[in-house]
Amino acid sequence: MEIEKPQPVLSGLQPQEPHGPRFSPVAKRVLFGVVVGGVVLGGVLVLLPPVRQTLVPPSAGPGSVTRAHQAVVAGAPASLPDLAALIGDREAHLRAHPRDEQSWAVLGSAYVEEARRTATPAYYSKAEKALRTSLQIRPEGNAEALEGLTALANARGDFQEAKEWGEAAVEQSPKRWTAYPLLIDAYTGLGDYKATRGTLEKLQKLHSGPAVLAQASQVYWDRGWREDAAATIADAAAGARTPAEQAVFLQQAGELAWERGDPEQSLRYCEAALGADPDAHGALAGQGRALAALGRTSDALHAYRTVLAKRPAPRYALELGELYEKLGLGRDAREQYDLLQERVQQETAGGVDDELVLGLFEADHGDPAEAVRRLREEWERHPAIPVADALGWALHQSGANEEAVKFATKVLDKEHGGGVRSALYMYHLGQIERALDLFGPARRHLAEALRINPYFSPLLVPLAQETLEGLGEPPPGGPPEPAEEEPEEDTEPPAAEPAPQPARTPAHKPARTQAPTPPRTPAPKRSAAR
């Protein structure tokens, strides 16, 4: 499978270390690690790839550059043909005007969007070089470059660096609203949900419109406000100003519908997104997800294969591999798992953090101990709810259930970010509780997983149903009350000060024969694609 188009390699300006702003004031922070201006600008021209005519596709019509420029500057989505036109235009402009710091910032931000939309990690290195060049030329008042670097770090999954760049951007231009959505994403990735909510409030005071509504919808969803999230993203989609923007919001609406367990509505949203923008690759993956849940397996496989040919993201390869495994097509599943690992290696070389998806893959289809090692390190970097869930599951799969439950229950801690209603999270928690003989909580959380989304995984839904059946129904009226102990008759005279009695132990405990307790949850058939 052709998974990545060769991209011209930038040379001349190397990424500086360490990444991200470090010093104060802002001017010193943004310059840290950037080589002196004479050296950078002396090599500016070799930053640009050779002139090529194929970058701008024939479908890019009049106004493409203007549309994409407006979108990139505002942090809004742009169509792939428009992005390609903008990139070609800015590269040509910079050959003639290498000291135009704004064009370097726009070019870098366009590279970030191109990399994100096409899963082509080579663009990330190009973006970093362009954005740092912009900062070297103009270290003061260069909000465009700071926001571009924030978006780059978020896209790579380096949320600590994104936080530093984003805070520098806000410090330098506190009234510029476009930095705040990027900073919200960074705080969310770091598990700082209090900062996420506070930053959203500031954003809503500074600006309104579809982009702000879409950001609010995601924050609401993470807080467990499902109805508010769904209504808000619908408003955002209705108010979108371009087809590309509308497609992104419709895709987000489709993802929320899927998480609510409504594949029909999810499919409608994804189809509408693809109607607005045929290059909405995330919507194509969502379409495959919904089609599989609705039993339209051939159509689902076609959707997944198509999206992986266009945007070979590791998550999509994992989903298709598990669908193949459900269908008994082990060889095809292994091919997707191999593709996942290959893509992770390529993205890691481009600075992308894929440890979360790789950890989940290892926990279920590879080496759980390796998953634990990776996810512990990820937790140290990004202590967010998705990482807590994945680490808890990996610990369970490796047999460490006592520690596993400590991480798995973090998804219930509303004070520290828990609250999102996720079928997968509830499934993981329920299976861990079952392994610990906590049959009541296990029954409750497994049933909740199926109530939230009875289609959440082609492999795990049958296991959830089987486990619930094995646990059986709860006793009528709940667990038995502890029996009262009969007081013994005193044969000795009462002491002046009676000694304290030990606490009573309940006379009855739930029988431990209600369900077998394996050391770990039966995982889907393992394909050691390592």
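Structure's up top.
Residues numbered from 1 in each chain as written. Predicted model: local features only at pLDDT ≥ 70, side-chain atom pairs only at ≥ 80, totals over all residues. Heavy atoms only, no water.

A. Geometry of the packing of aromatic side chains. Under the counting rule described, the total for this entry stands at six aromatic pairs. Between the aromatic rings of W393 and Y427, the centroid separation amounts to 5.7 Å while the plane-to-plane angle is 50 degrees, which identifies the pairing as tilted. One end of the pair, W393, is in helix α22 (residues 385-397); the other, Y427, is in helix α24 (residues 423-435), with 34 residues separating them in the sequence. Summarising the burial analysis for this pair, W393 and Y427 share the class buried. (Phe/Tyr/Trp six-rings, centres within 6.5 Å; stacked < 30°, edge-to-face > 60°. Helix = DSSP H or I, 4+ residues; strand = E, 2+ residues; numbered from the N terminus. Buried < 20%, exposed > 50% of the residue type's maximum accessible area, 1.4 Å probe, protein only.)

B. Structural context of empty space enclosed by the protein. Under the counting rule described, the total for this entry stands at one cavity of 30 Å³ or more. Taken as a whole, the largest cavity holds about 40 Å³ of empty space. Every residue along the wall of the largest cavity is listed here: Y193, T196, R197, V219, D222 and R223. Of all the secondary-structure elements, those providing two or more residues to the lining of the largest cavity are α11 (193-206) and α12 (210-222). Split into classes, the residues belonging to the lining of the largest cavity amount to two nonpolar, one polar and three charged. (1 Å grid on protein atoms, 1.4 Å probe; cavity = no way out; pocket = protein on both sides within 12 Å on 5 of 7 lines; lining within 4 Å. Points joined across faces, edges and corners; volume = space filled by probe spheres on them. Nonpolar A, V, L, I, M, F, W, Y, C, P; charged D, E, K, R; others polar.)

C. Here's a closer look at the packing of helix α20 (residues 355-365) against α22. Contact pair α20 / α22: the axes reach a minimum separation of 9 Å and the direction vectors enclose 20 degrees. Taken as axis vectors, α20 and α22 run roughly parallel relative to one another. Classified by chirality, the crossing of α22 by α20 is left-handed. Along the contact surface, α20 presents L356, L360, A363 and D364, while α22 presents P386, V387, A390, W393, A394 and Q397. (Axes fitted to C-alpha atoms, helices over the stretch in contact; angles between N-to-C directions. Parallel < 35°, antiparallel > 145°, perpendicular 65-115°, else oblique. Left-handed = near helix turned anticlockwise from the far one by under 90°. Contact = heavy atoms within 4.5 Å.)

D. Seen up close, the environment of R305. For R305, the location among the structural elements is in helix α17 (residues 297-310). Overall, the relative accessible area of 42% leaves R305 in the partly exposed class. For R305 and A317, which are twelve residues apart along the polypeptide, the C-alpha to C-alpha distance reads 9.0 Å. Among residues more than four places away in sequence, those in contact with R305 are L320 and Y324.

E. Region of the structure containing the pattern of salt bridges. Counted according to the given criterion, the structure contains 21 salt bridges. A salt bridge links E113 to R116; the nearest nitrogen and oxygen atoms lie 2.8 Å apart. Linking E113 with R116, this pair stays in helix α6 (residues 101-118), spanning three residues, or about one helical turn. Among the ionic pairs, E370 bridges to R374, the shortest N-O distance being 3.0 Å. In this pair, E370 and R374 both sit in helix α21 (residues 368-381), four residues apart, roughly one turn of the helix. (Salt bridge = Lys/Arg side-chain N within 4 Å of Asp/Glu carboxyl O.)

F. Examining unusual backbone geometry more closely. Residue A119 is not a glycine yet carries a positive backbone phi of 55 degrees. The residue A119 is located in the loop between α6 and α7 (122-137) in this model. Given the relative accessible area of 7%, A119 is considered buried. You will see that D437, though not glycine, has its phi angle at about 65 degrees, which is positive. Locating D437 in the fold gives a position in the loop between α24 and α25 (439-452). By relative accessible area, which is 21% here, D437 ends up partly exposed.

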